[in-house]
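Structural features, examined
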Amino acid sequence: RRRRRHRRRRRRRAVMMARATVTLRDGVSLPRLAFGTYKLAGDVCRDAVRDALVVGFRHIDTATCYRNERSVGEAVRASACAREVFLTSKIAPNEMTSEETTSRAIDGVVDRLGRAPDLLLVHWPGEAKQAPTSERHREARERTWRVFERALEQGKTRSIGVSNFEIRHLEELLSYAKIKPSVNQIELHPRFNQRALREFCAMHGIHIQGYSPLGVGSLLEDARALEYAKKIGLAPAPALVRWTLTRDPECSVVVKSTAKTRTEENFTALRAKTAEASEDDIRAHADALEKAFESTQSKQCWDPSVVC
């Protein structure tokens, strides 16, 4: 009887929540709401990841250049839900200088996390300390991708992808890749909707994962964004997170906070509906917000378009 009640509760929760996972081109199931750890370190990182897992997050995003993979791994291993957690990490530009360097970097990720990441990304479409127009970037991308393909075959990750790749970087990659990227993690918010890149990735089966859903915080003070949040019945931050989750093709998103109350608030972005709006209403309001910013698009983070 207790099991039946538990199953009923799980079914009710599923009805109330938006689709929580997406299946990548390689069959890997990726939780759409990821907890980001950029600029988190040591105990702060460990505690923030622990809180995120307690709240309900099952996807943790890190990178070698964040220098916190060990803290992330410790928090995940200490959690009661450790086996359910999806881990993403990224290889930095200074780890793309040779196949040996990249291979050692991947082994370092596995060592620091305490297990193989579920998703491994090329963090940036270029090698460190090179001029933006240098041909070394093209060479580094192809060389790095060969190492990624081997790492996948060797079981050092379950899926491979990229981050901050523009259309021309992806066209080049697709021309030589034996295994196509499953994900492209990019800046994505109403002020920078990346529609052309999203459409290109959809055409080639590459899942879009957005970061900086609040536009580096600038959208939290924008009257259009605040009105949108009010209409869909969510606080401004989770409303903007939900904007990414409603984009076509189906996207996932990385969010971050060191405060548990904010982490709890961000998790409400997965609500399928609110007292104020149905799922269809939420999508319609999100579409309207995208149109409202159409003529004033502006990038808030790093600009990969300058990389040859």
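Everything in this summary refers to the structure shown in the same document. (Residues numbered from 1 in each chain as written. Predicted model: local features only at pLDDT ≥ 70, side-chain atom pairs only at ≥ 80, totals over all residues. Heavy atoms only, no water.)

**Things to note about the sheet that holds strand β8 (residues 183-187)**
Reading around the barrel, the 8 strands line up as β3-β4-β5-β6-β7-β8-β9-β10 and close back on themselves, with parallel pairing between neighbours. Direction aside, neighbouring strands of the sheet carry axes that sit 25° apart on average. Sheet strands in contact with helix α9 (residues 236-245) are β3 (33-36), β9 (207-211) and β10 (252-255), and its direction is about 150° off that of β10. (Pairing = 2+ DSSP bridges. Helix = DSSP H or I, 4+ residues; strand = E, 2+ residues; numbered from the N terminus. Axes fitted to C-alpha atoms, helices over the stretch in contact; angles between N-to-C directions. Contact = heavy atoms within 4.5 Å.)

**Structural notes on unusual backbone geometry**
In this chain, D248 is followed by P249 through a cis amide linkage whose omega measures -10°. Position of P249 among the secondary structure elements: in the loop between α9 and β10. The phi dihedral of S212 falls on the positive side, at around 55°, and the residue is not glycine. Within the fold, S212 resides in the loop between β9 and α8 (223-232). When its relative accessible area of 16% is taken as the criterion, S212 is described as buried. Positioned with a positive phi, V216 is a non-glycine residue whose angle comes to about 55°. (Buried < 20%, exposed > 50% of the residue type's maximum accessible area, 1.4 Å probe, protein only.)

**Examining the pairing of strand β5 (residues 86-91)**
Most of β5 sits out of view: 6 of its 6 residues are buried. In this structure, strand β4 (residues 59-61) lies alongside β5, joined through 3 bridges in parallel fashion. Its bridge partner lying in β5, H59 is registered against F86. Crossover handedness for the path β4 to helix α3 (residues 69-77) to β5: right-handed. Pairing between β5 and strand β6 (residues 119-122): 4 bridges, direction parallel. Within β6, the residue paired with S89 across the bridge is L120. (Right-handed = clockwise from strand over helix to strand, strands pointing away.)

**Remarks on the packing of aromatic side chains**
Remark: the centre distance and the inter-plane angle together describe each pair of aromatic rings, the angle taken between the planes. A full pass over the atoms with the stated rule returns 6 aromatic pairs. On the basis of an interplanar angle of 70° and a centroid distance of 5.7 Å, the ring pair of F35 and F57 is categorised as edge-to-face. Remark: F57 occurs in the loop between α2 (42-55) and β4 and F35 occurs in strand β3; sequence separation between them is 22 residues. Looking at F35, the relative accessible area reads 1%, which means it is buried. (Phe/Tyr/Trp six-rings, centres within 6.5 Å; stacked < 30°, edge-to-face > 60°.)

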